[in-house]
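Fold and contact review
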Amino acid sequence: LADFCRPGDLLAARLVSALGEPVAVASHRELLSMALDCGARQIERLTTSPALFARPEQKQAYRSQADAVDMESYTILAEAARHGIPAVAVRAISDAVDFTFPYDFEAALDGQGQIRISRVLAQALHHPAGFPTLLSLARNCRFAARRLADFLDVYVGVMADRLIPIEPDMVATA
C-alpha cells in the first residue's frame, strides 16, 4: 500500500474501514492528535481485511483504497463507536508493501483464527528455503511490537497528564 511504510513505523489512521466497504469509522480527533504528538505518522485510511495480504500484488491492488491494511482495527473502532467510546487506530508496521510471506499463514490458522507455530514450522521443514525470510519477518514483528509498546508508554502518560493535570502544589518535593 503506502511505499513509505517500513517495519517499525507507527501509523495513526484518521479513518478505518472494512475491506471493500465505503463506510468508515473516524478515529477520535483528540486521541488522534495525541498520537501524532507522541510520534505516530497520520495516514488517511486504514483498511481491515479478514485475510492476510501475503504477496506484494495483493497489497498493491488496494493502494487506491487505503494507506495500510490490518486485520483488527475496523472491528474494534466500530464497536467502540457503537458504545460511544472514543478510540484511535494506531498500528506498527511489521511487513512492508514489497514483502512476500514465505509460507501460507492462512493454512497455519487453527479454529480460533490463531496462527499455530507448529503448522508454520511444518511448512518450513518441507520448504526450508523460506526460513531466512521467516526469521526476518519474526525480527520485524518483534521490532514493531517493541516500537508500539514504547509508543504506548509515552501515549498513556500524555493522556493521563491531559486528563488529570498535575497541579504544582500536588508535586512532592524532597
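Quick note: structure is the one above.
Residues numbered from 1 in each chain as written. Predicted model: local features only at pLDDT ≥ 70, side-chain atom pairs only at ≥ 80, totals over all residues. Heavy atoms only, no water.

**A few points about helix α3 (residues 73–82)**
Where we set the bar: Each residue is assigned to one of three classes by its accessible area relative to the maximum for its type, calculated with a 1.4 Å probe on protein chains only: buried under 20%, partly exposed between the two thresholds, exposed over 50%. The numbering of helices and of strands both runs from the N terminus, where a helix is a DSSP run of H or I of at least 4 residues and a strand a run of E of at least 2. Throughout, the arc means the angular range of directions from the helix axis out to the C-beta atoms.
All buried positions along α3 are accounted for by Ser73, Leu77 and Ala80. Down the axis of α3, the buried side of the element spans an arc of 60°, and every buried residue falls inside it. Exposed residues pointing more than 90 degrees away from the buried face of α3 are listed as Thr75 and Arg82. At the C-terminal side of α3, Gly84 shows a positive phi close to 70°.

**Remarks on the nonpolar core**
Put simply, the rule is: We define a nonpolar core as any set of buried Ala, Val, Leu, Ile, Met, Phe, Trp, Tyr and Cys residues linked to one another through side-chain atoms lying within 4.5 Å. Only heavy atoms matter for contacts: two residues are in contact if any of them lie within 4.5 Å across the pair.
Counting 13 residues, the largest nonpolar core has Leu11, Ala13, Val16, Ile43, Leu46, Leu77 and Ala89 as the members making the most contacts within it. For this core, the elements supplying multiple residues, two or more each, are β1 (10–18), β3 (41–48) and α3. The leading source of residues in this core is β1, at three residues. When near neighbours in sequence (up to four residues on either side) are disregarded, Leu77 contacts Val16, Val25, Ala26, Ser27, Ala87, Val88 and Ala89.

**Overview of helix α4 (residues 117–126)**
Along α4, the residues that are buried comprise Val120, Gln123 and Ala124. Seen along its axis, α4 keeps its buried residues to an arc of 100°; they face one direction. Away from its buried face, by an angle of more than 90 degrees, α4 presents the exposed residues Ser118, Leu125 and His126. Looking at the packing, one finds that the buried side of α4 touches α5 (131–163).

**Details of the pattern of salt bridges**
Threshold: Any carboxyl oxygen of Asp or Glu within 4 Å of a side-chain nitrogen of Lys or Arg constitutes a salt bridge here.
What the rule picks out here adds up to ten salt bridges. Residue Arg116 pairs with Asp110 through a salt bridge whose shortest N-O separation is 3.2 Å. Here the salt bridges share partners, and the residues they tie into one network are Asp70, Glu72 and Arg91.

**A word on the packing of aromatic side chains**
This is how the line gets drawn: Pairing of aromatic side chains requires ring centres within 6.5 Å, counting the rings of Phe and Tyr and the six-membered ring of Trp. Pairs whose planes differ by under 30 degrees are stacked, by over 60 edge-to-face, and all others tilted.
According to the stated counting rule, one finds four aromatic pairs in the structure shown. Plain terms: the ring middles of Phe99 and Phe101 are 5.2 Å apart, the flat faces sit at 80° to each other, and that makes the pair edge-to-face. You'll find Phe99 and Phe101 in the same group, each marked buried. When the centroid spacing of 5.3 Å and the interplanar angle of 80° are considered together, the rings of Phe101 and Phe105 count as edge-to-face. For Phe101, a relative accessible area of 11% translates into the label buried.

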